[in-house]
Amino acid sequence: MNTVLLPHSIINRRIPMAELSLLLTAMFWGSSYGITKDALAYTSVLAFLLIRFGLTSLLLLPGFLRDSLNGRTKDWRYGVPTGLILLLTLLAETYGIFHTTASRAAFLISLCILLTVFLEAITSQQWPRKGIFACAVLSVTGVLLLTQKEWGWVALNLGDYCILLAALLRACLVVATQILMKGKRLSAMNLTCIQANVIAIGVLIIFMISDNSALERLPSQLNFWGLTFYLVIFCTIFCFFAQNYGVKHTSPSKVALLTGSEPAFGALFAIFWLGETLAPIQILGGACILIATLAASLRSR
């Protein structure tokens, strides 16, 4: 009997892979703001997204086709809406990074944690705890402080507004993925492939109907392709897989809690990679946002 119970007890103490994957996602996504800011110096936002997710689709497509032959992708249609939300999220986020600093973008995007709590409360029809509203006030104060260099009037720029929109869309993505993929037979990697294809096709359509030339010359600089492949392998394939896996195996609030360190990683990376600086008032604002979002996540558990 002991030989049966012992392995069972070991299995019950296994490493929480969902939580670990979400923490690594925070680290890689934190670095993505500075990397993306650097890559956008070589090409436009649409061309960059098309290259990034076109490569992602090509890398993931063989595995998706193999699983399709084995009947493991029958629920693929449920992943399309999440891909559309992610397309809008990345458009807003990338344009935001282009028009603001990487460190500010990293802090502002973390508001998705607080927004996730409110959206989860709406979908579950449970009123948020009283402390959540105090967190909301603190986070708004943080935004006001973060978006200026000196004490005075608020100075939100176009990039800041885009990042705030991306934060809302990220929260929608977390909750929508939790709802749509519950009980569905679709692996996290295949869901990532579906999302990447939706993004690539969506960006291509926008590219072709916009005033930009669809035949825009591809960047030839080796540095650009190095940055792009880093984003594809670590910040796209791994992170989307890890987030999809984590979202399917834990609650949206716990996802928000474990990825709450992303803005700190993003700000530190932007400082060391791009040489960006934050004024004391901006550091205070970033700290307010971090405290508010983490406190909201803890209260929502």
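As a reminder, the structure under discussion sits directly above these lines.
Residues numbered from 1 in each chain as written. Predicted model: local features only at pLDDT ≥ 70, side-chain atom pairs only at ≥ 80, totals over all residues. Heavy atoms only, no water.

A few points about the overall build of the protein chain
- Counting secondary structure elements, the protein chain contains 13 helices and 0 strands.
- The secondary structure elements of the protein chain, listed N-terminal to C-terminal, are α-α-α-α-α-α-α-α-α-α-α-α-α.
- For the protein chain, buried positions account for 50% of its 301 residues.
- Of the roughly 14900 Å² of accessible surface on the protein chain, a fraction of 69% belongs to carbon and sulfur atoms. (Helix = DSSP H or I, 4+ residues; strand = E, 2+ residues; numbered from the N terminus. Buried < 20%, exposed > 50% of the residue type's maximum accessible area, 1.4 Å probe, protein only. Areas by Shrake-Rupley, 256 points an atom, 1.4 Å probe, with all protein chains shown as cover.)

Concerning the packing of helix 6 (residues 111-124) against helix 7 (residues 130-146)
- The N-to-C vectors of helix 6 and helix 7 enclose an angle of 155 degrees; their axes lie 11 Å apart at closest approach. Between helix 6 and helix 7, the angle is such that the two are roughly antiparallel. The two elements helix 6 and helix 7 meet at a crossing, and its hand is left-handed. Residues L111, L114, V117 and F118 of helix 6 lie in contact with helix 7, whose contacting residues are I132, F133, C135, A136, S139 and V143. (Axes fitted to C-alpha atoms, helices over the stretch in contact; angles between N-to-C directions. Parallel < 35°, antiparallel > 145°, perpendicular 65-115°, else oblique. Left-handed = near helix turned anticlockwise from the far one by under 90°. Contact = heavy atoms within 4.5 Å.)

As for the packing of aromatic side chains
- Enumeration over the complete set of coordinates arrives at 7 aromatic pairs.
- Pairing F224 with W225 gives two aromatic rings, centres 5.3 Å apart and planes at 85 degrees, and the pair type is edge-to-face.
- On the basis of relative accessible area, F224 is assigned to the buried category, the value being 0%.
- Among the residues examined, W225 registers a relative accessible area of 22% and is labelled partly exposed.
- The ring centre of W29 lies 4.9 Å from the NZ or CZ of R170, which sits over that ring.
- In this structure, K184 is placed above the aromatic ring of Y78, and the distance from its NZ or CZ to the ring centre is 4.5 Å. (Phe/Tyr/Trp six-rings, centres within 6.5 Å; stacked < 30°, edge-to-face > 60°. Lys NZ or Arg CZ within 6 Å of the ring centre and 35° of its normal.)

With respect to the pattern of salt bridges
- Inspection of every chain in the model, using the stated rule, returns 3 salt bridges.
- As a salt-bridge pair, R72 and D67 come within 3.4 Å of each other at their nearest N and O atoms.
- Residues D160 and R104 are paired through a salt bridge, measuring 2.3 Å at the closest nitrogen-oxygen approach. Of this pair, D160 sits in helix 8 (residues 158-180) while R104 sits in helix 5 (residues 102-109), and the two are 56 residues apart along the sequence.
- Assessed through its relative accessible area of 0%, D160 is described here as buried. (Salt bridge = Lys/Arg side-chain N within 4 Å of Asp/Glu carboxyl O.)

Side note on the nonpolar core
- F48, L49, F53, L90, I199 and F240 are the most contacted members of the largest nonpolar core, which has 38 residues in total.
- Secondary-structure elements contributing two or more residues to this core are helix 2 (17-39), helix 3 (45-69), helix 4 (80-99), helix 9 (188-209) and helix 10 (222-249).
- No other element matches the 10 residues that helix 3 contributes to this core.
- The residues touching L90, leaving out its near neighbours within four places in the chain, are L49, F53, I199 and F240.
- Membership of the second largest hydrophobic core comes to 22 residues, among which are I97, F107, V143 and L278. (Core = buried A, V, L, I, M, F, W, Y, C linked by side-chain atoms within 4.5 Å.)

A look at the side chain of S21
- Turning to its location among the elements, S21 is positioned in helix 2.
- Apart from the residues within four sequence positions on either side, S21 is in contact with A242, Y245 and G246.

A look at empty space enclosed by the protein
- Within this structure, the stated rule accounts for 2 cavities of 30 Å³ or more.
- Considering only enclosed or pocket space, the largest cavity measures out at about 170 Å³ in volume.
- As for the largest cavity, its lining consists of 16 residues, and the residues nearest its centre are W29, R52, L90, E93 and R170.
- Every element with two or more residues in the lining of the largest cavity is listed here: helix 2, helix 4, helix 8 and helix 10.
- Considering each element in turn, the lining of the largest cavity owes the most residues, 6 residues, to helix 4.
- Looking at the lining of the largest cavity residue by residue, the classes come out as 8 nonpolar, 5 polar and 3 charged. (1 Å grid on protein atoms, 1.4 Å probe; cavity = no way out; pocket = protein on both sides within 12 Å on 5 of 7 lines; lining within 4 Å. Points joined across faces, edges and corners; volume = space filled by probe spheres on them. Nonpolar A, V, L, I, M, F, W, Y, C, P; charged D, E, K, R; others polar.)

Some thoughts on a nonpolar patch on the surface
- Residues M17, L20, L24, M27 and F265 make up a contiguous nonpolar surface patch of about 400 Å² in total accessible area.
- By residue number, the principal contributor to the nonpolar patch is helix 2, which donates 4 residues.
- With respect to the element layout, M17 can be found in helix 2.
- Residue class for M17 comes out partly exposed when judged on its relative accessible area of 47%. (Patch = residues over 30% accessible without salt bridge, like charges linked within 9 Å, V, L, I, M, F, W, Y side chains within 5 Å.)

Brief notes about helix 3
- Taking 1.5 Å of rise per residue, 25 residues should cover 36 Å, and helix 3 covers 35 Å from first to last C-alpha, within 8% of that figure.
- At L60, helix 3 shows its maximal kink, close to 40 degrees; a proline, P62, follows between one and four residues later.
- N-capping of helix 3 is provided by S44, with a side-chain oxygen placed 3.3 Å from the backbone N of A47.
- Downstream of helix 3 by a residue or two, G71 has a phi angle that is positive, lying close to 75 degrees. (Expected span 1.5 Å × (residues − 1). Bend = angle between axes of the 7 residues up to and from the residue. Polar contact = N/O pair within 3.5 Å; in protein donor to acceptor, adjacent residues only side chain to side chain.)

What is shown is where atoms sit, not what they do.
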